[in-house]
Amino acid sequence: EEIVKQYLDLLLRREQQRQALPLSVEEQLRIMRDLAVQMVQLDISAEDIDFIKLILADVTSRDINTYLERYDALPDSAENKPSEAEFINKLSHHALLDRISTQNNLIGFINEFIFGLMMAKAVLEFQLSPTELQGKYLDVAITAYSTYNATQRKLLYKTIEPVLSKETPQRRIFASMYLCDEIKGSYSDQYFDGIFFENNIVISADACFTNCIFSDC
């Protein structure tokens, strides 16, 4: 977890210099979380750069004037102060974003880990409802947040637990293993395939399996 925090802090402080971006580390992260939220809500993991710019313009609309005013305090502000469109263009070329493929112009987060981290943090910061984090997005968020300490992982599990009952049994096991280091819940007449159970995984006292089949696990 500390390595992840240090990596992001270093990357985003460098972004301040690379793009002359007068945004704090937390401000940059909030914008990226807001972007991740809208991508989940629109069910996209990558999109044309012009569409990403529209999303960025929307999530920064409330604070855009404040951000631009900060350029007035910088040297050569008259020459280097960007327009709103130029500022949004800077954000669309942020270090946490990149072209997903050389074959097209689709932009997304640099990797699933960063995307998952932004989604998980957005849920914990009440920017994204747990009910909106479903399916593949839930998997990516859980995998990314599994790198955090036990307290943080269990906090995410507690936050998403009410919606897990609507997910597949396999995903419920996946969530409890990766976030709680134990298997929770009751399962009846289920077929599980390809689950990797690590040596340190335990079955909680209230977990129950009835007439279940495990294949290639």
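Heads up: the structure comes first, above all this text.
Fair warning: this is a prediction, and the values are worked out from it, not measured in the lab.

A. Representation of the packing of aromatic side chains within the structure. Counted under the stated rule, the structure contains 11 aromatic pairs. Centre to centre, the rings of Tyr145 and Tyr148 are 4.4 Å apart; their planes meet at 10°, and the pair counts as stacked. With respect to class, Tyr145 is no different from Tyr148; both count as buried. A centroid spacing of 5.0 Å and a plane angle of 15° characterise the contact between Tyr187 and Phe209, whose relative ring orientation is stacked. Pair noted here: Tyr187 is in strand β5 (residues 186–188) and Phe209 is in strand β8 (residues 208–210), with a separation of 22 residues, a long-range link.

B. Seen up close, the packing of helix α8 (residues 135–145) against helix α10 (residues 169–180). Remark: α8 packs on α10, axes separated minimally by 9 Å, with the N-to-C direction vectors making an angle of 15°. Here α8 lies roughly parallel to α10, going by the angle between them. Seen along the crossing, α8 lies across α10 with a hand that is left-handed. Every residue of α10 that contacts α8 at Gly135, Lys136, Leu138, Asp139, Ile142, Thr143 and Tyr145 is listed here: Arg171, Phe174, Ala175, Tyr178 and Leu179. Tallied by class, residues from the contact of α8 with α10 come to 7 nonpolar, 2 polar and 3 charged.

C. Representation of the environment of Cys208 within the structure. Locating Cys208 in the fold gives a position in strand β8. Residue Cys208 is classed as partly exposed on the basis of its relative accessible area, which comes to 34%. A C-alpha to C-alpha distance of 26 Å links Cys208 and Tyr145, two positions 63 residues apart in sequence. Those residues in contact with Cys208 that lie beyond four places of it in its chain are Gly185, Ser186 and Tyr187.

Rules used in this analysis
- Residues numbered from 1 in each chain as written.
- Predicted model: local features only at pLDDT ≥ 70, side-chain atom pairs only at ≥ 80, totals over all residues.
- Heavy atoms only, no water.
- Phe/Tyr/Trp six-rings, centres within 6.5 Å; stacked < 30°, edge-to-face > 60°.
- Buried < 20%, exposed > 50% of the residue type's maximum accessible area, 1.4 Å probe, protein only.
- Helix = DSSP H or I, 4+ residues; strand = E, 2+ residues; numbered from the N terminus.
- Axes fitted to C-alpha atoms, helices over the stretch in contact; angles between N-to-C directions.
- Parallel < 35°, antiparallel > 145°, perpendicular 65-115°, else oblique.
- Left-handed = near helix turned anticlockwise from the far one by under 90°.
- Contact = heavy atoms within 4.5 Å.
- Nonpolar A, V, L, I, M, F, W, Y, C, P; charged D, E, K, R; others polar.

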